[in-house]
Amino acid sequence: MDTQESNELQPEQEPQSEQTEQQASPPERDRYECLACGYVYEPDLGDDNGSVPAGTPFAEVPDRWRCPVCGARKQSFANVGPKGTASGFKENFSYGLGVNTLTPTQKTLLIFGGLGLGVLFMLSLYGLG
């Protein structure tokens, strides 16, 4: 019975590992943010001033390269993940009402859309009088 139970558990565990592999992106696409000034290095854009061509992953950027805004060293950058992904720790995405998995653009639309609807409702109260 132990082998049957272990066989039954294995198919359930495999899709989870496939999902995490699909969600994980190659590190070549990851963006890196300067901890000193907030500049974000995007591999798709590169750095024209620092002679880093577009498409260069951060790992291949020379160690002598500096932040084009504040001049901080390469070691002062932190990985913020690929563009268009949800921000924050991946462990926390499952908590809350589902808004943790929204991208920054989706969160902005949700916030300002809600504020816009609130203003419209408040203005509609003038029609009642």
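For clarity, every value in this text was computed on a predicted model and none was experimentally measured.

Please explain the packing of aromatic side chains as it appears in this structure.
For any pair of aromatic rings, the description rests on two quantities: the centre-to-centre distance and the angle between the ring planes. Summed over all chains, the structure comprises 6 aromatic pairs. Centre to centre, the rings of Phe-58 and Trp-65 are 6.2 Å apart; their planes meet at 85°, and the pair counts as edge-to-face. On the basis of an interplanar angle of 45° and a centroid distance of 5.3 Å, the ring pair of Trp-65 and Phe-77 is categorised as tilted. Of this pair, Trp-65 sits in the loop between β2 (40-41) and β3 (77-81) while Phe-77 sits in strand β3, placing them 12 residues apart in sequence. Taking the relative accessible area as the measure of exposure, Phe-77 reaches 9% and is therefore buried. Counting every residue linked through ring pairs, the aromatic cluster contains Tyr-32, Tyr-41, Phe-58, Trp-65 and Phe-77. Here the basic side chain of Lys-74 rests over the ring of Phe-58, its NZ or CZ set 5.2 Å away from the ring centre.

The rules behind the values
Residues numbered from 1 in each chain as written. Predicted model: local features only at pLDDT ≥ 70, side-chain atom pairs only at ≥ 80, totals over all residues. Heavy atoms only, no water. Phe/Tyr/Trp six-rings, centres within 6.5 Å; stacked < 30°, edge-to-face > 60°. Helix = DSSP H or I, 4+ residues; strand = E, 2+ residues; numbered from the N terminus. Buried < 20%, exposed > 50% of the residue type's maximum accessible area, 1.4 Å probe, protein only. Lys NZ or Arg CZ within 6 Å of the ring centre and 35° of its normal.

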